[in-house]
Amino acid sequence: MPRTRVTAVVLALGLVATGVAASTLHATNAVSESSNDFTANAESTALYCTGLGAGVGGHVDFTNLTGEPRHLSVEVVANTGAHAARSVALAAHATIDISPAAWVPGSLYGVSALVSGGGVVGAQVGAQNTAVAPCSDGGVTDWYAAGFDTLVGSSALVSLFNPSATPAVVNVTTVTSSGFSAPAPFQGLAVGPHAEVAVNLATQIVDTANVGVHVNVVRGTVVAVGVQTSATTASFNVGQDVLATKAVFPLVTTAANTRAQVRVANPNDVAASVTVAVALGSFHIAPESVEVPAYASGVVTITPNSAIPEAGFAALTLISSVPVATALAVGEKGLGLSAPGPLSRTWLVTDFSGRGFARAVLTNASTHAVNIHATDLATSASFSATLAAGTSSDLRALLPGLRQLQGLTLLITSDRLVRMTTILPVTPVGPVVASALNGG
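Moving on, we come to the sheet that holds strand β5 (residues 70–78). The strands making up a sheet are joined through hydrogen bonds of the backbone, oriented either antiparallel or parallel. Taken in spatial order, the four strands line up as β3-β8-β5-β6 in an open sheet, and their pairing is antiparallel. Two strands lie at the open edges of the sheet, namely β3 (45–53) and β6 (83–90), each paired on one side alone. Taken over all neighbouring pairs, the strand axes of this sheet differ in orientation by 20 degrees on average, direction set aside.

In structure tokens, the structure reads:
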């Protein structure tokens, strides 16, 4: 039986988040609100996680946010076809840590959990606590992601998990700086019922930077997560289920000796005119622009960039003339990928690694002030604040009674959509943006 422990993660409940919390984009021209609701009184809920193994190792954390016990029917499947199922008890306000590799042999894993009731969230965490992704509440029929590298020293996989009892069939296509590709081995891929399949991009897209991917599900649905390893850096790219004309990255490092890029995949038959506005302290910085040809990928370099000073964290807003897929690539020796985070009214900020966060920032992109309420689930302390329209605030500045970002389990609710972004504590500060987590 898996062990129970107190842990932490950053989640947007039933929803989504960036930096640690949430899912993907659901509207063509706007960042979405989550499609699921955090309903503690639901009769049952389901969570699906994919992408563990593949060089990142790791485990899945299921956390019960309610005051009542829950029972989980958990199944672990591997890309080898091996599988195991167990019934797991989850106490009130407790977390279960499940390591798929300890259940079945394999190199890539999918995990599903049927929960008796609501109020349980799930997150998959890489072995080094730098790769984080949400567990999903269901499959999708389209999935897009940008920024993968198959260069020597890198590995890029797309992990596909079929959450249903019927077979799924997918076609996988790519775009690079050289154009469009639909490799024959990636067409008509079958993903069996409750099965896990790994698509190794490097087998067909060799030694290439900035690969964009489209997974088109022609039958059934799948849960998809990109797994990128670059030098010693591992990351999960949760992608997006629709293309979008806008993307926001609120905390992007400008530190020396690091790299920060916005990577764009354009699967359209027309060119994309992409502009990235850079907000950095009191500096006035001209927007960065790039023209991404039809069926191609492109990049906007933020760091190092002689037009952008080394001055902490920048907030980026990307606008494209046509809907595209985007990702933030950041790192020092290796690059980690993160998809743009969505908006939500409910967030759970919890320290999944035990190391805390270097920064945690709440952003209100609307034209109206937002009322914020936060509860520390460990101490029951509560906080209230108002976040002005069009502003961002460090969580500790917004909630003065909040003294530290380590060991934190904080439930945040707001009366309007907001974005939560967190940065893991690394040196130099800023390269690692924690990915979104999601639960139901």
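A few words on the pairing of strand β26 (residues 335–338). In β26, alternate side chains face the same way, and those of Leu335 and Leu337 on one face and Gly336 and Ser338 on the other are all buried. Bridge analysis of strand β25 (residues 313–331) against β26 gives four bridges, and the strand direction is antiparallel. If you follow leucine 328 over to β26, its bridge partner there is serine 338. Counted along the chain from β25 to the antiparallel partner β26, the turn is three residues long.

The next subject is the environment of threonine 221. Mapped onto the elements of the fold, threonine 221 is located in the loop between β17 (211–219) and β18 (223–230). The partly exposed category is assigned to threonine 221, whose relative accessible area is 26%. Once the C-alpha coordinates of threonine 221 and valine 140 are considered, the two residues, 81 residues apart in sequence, prove to be 5.1 Å apart. Once you skip the residues sitting within four places of it in the chain, threonine 221 turns out to touch Gly139, Val140, Thr141, Asn162, Pro163 and Ala168.

This brings us to the packing of aromatic side chains. For the structure shown, the criterion picks out two aromatic pairs. Summarising the aromatic geometry, the rings of tyrosine 48 and phenylalanine 161 are spaced 6.2 Å apart at their centres and angled 40 degrees between planes, so their arrangement reads as tilted. Taken as a pair, tyrosine 48 in strand β3 and phenylalanine 161 in strand β12 (residues 154–161) lie far apart in primary sequence, 113 residues in all. Across the pair, phenylalanine 161 and tyrosine 48 agree in class, each one buried. Between phenylalanine 180 and tyrosine 295 the ring centres are 5.7 Å apart and the planes differ by 65 degrees, which places this aromatic pair in the edge-to-face class. Residue phenylalanine 180 is located in strand β14 (residues 179–181), and its partner tyrosine 295 is located in the loop between β23 (288–292) and β24 (296–303); the two are separated by 115 residues in the primary sequence.

Residue-level pLDDT values for the chain average 84, and 85% of them are 70 or greater. In this model residues 429–440 is a low-confidence stretch, pLDDT under 50, and it forms 88 contacts with partners more than four residues away in sequence or in other chains.

Counting residues in each nonpolar core, the largest one holds 35 residues, and the members touching the most others are Phe62, Leu72, Val74 and Phe236. Residue assignment for this core shows that the elements contributing at least two residues are β3, β4 (59–64), β5, β6, β7 (95–98), β8 (108–115), β18 and β19 (233–237). Broken down by element, the residue count for this core peaks at five residues, all from β8. Leave out the neighbours within four places in its chain, and leucine 72 touches Phe62, Arg86, Ser87, Val88, Leu90, Ala113, Leu114 and Val115. Membership of the second largest hydrophobic core comes to 25 residues, among which are Leu160, Val211, Val222 and Ala329.

The strand order β16-β12-β18-β19 describes an open sheet built from four strands, whose pairing is antiparallel. Two strands close off the open sheet at either side, each with one partner strand: β16 (196–200) and β19. In this sheet, adjacent strand axes meet at a mean angle of 20 degrees when their direction is disregarded. Bridge count for β12 against β18 is eight bridges, and the pairing is antiparallel. Bridge assignment links serine 159 to a residue of β18, and that residue is valine 225.

Following the criterion strictly, the structure yields one disulfide and no others. Here cysteine 49 connects covalently by a disulfide to cysteine 135, the sulfurs 2.1 Å from one another. The sign of the 100 degrees torsion about the S-S bond sets the cysteine 49-cysteine 135 disulfide as right-handed. One end of the pair, cysteine 49, is in strand β3; the other, cysteine 135, is in the loop between β10 (132–134) and β11 (142–148), and 86 residues separate them in sequence. Taken as a pair, cysteine 49 and cysteine 135 share a single burial class, namely buried.

The rules we used
- Residues numbered from 1 in each chain as written.
- Predicted model: local features only at pLDDT ≥ 70, side-chain atom pairs only at ≥ 80, totals over all residues.
- Heavy atoms only, no water.
- Pairing = 2+ DSSP bridges.
- Helix = DSSP H or I, 4+ residues; strand = E, 2+ residues; numbered from the N terminus.
- Axes fitted to C-alpha atoms, helices over the stretch in contact; angles between N-to-C directions.
- Buried < 20%, exposed > 50% of the residue type's maximum accessible area, 1.4 Å probe, protein only.
- Contact = heavy atoms within 4.5 Å.
- Phe/Tyr/Trp six-rings, centres within 6.5 Å; stacked < 30°, edge-to-face > 60°.
- pLDDT = per-residue confidence, 0-100.
- Core = buried A, V, L, I, M, F, W, Y, C linked by side-chain atoms within 4.5 Å.
- Disulfide = S-S within 2.5 Å.

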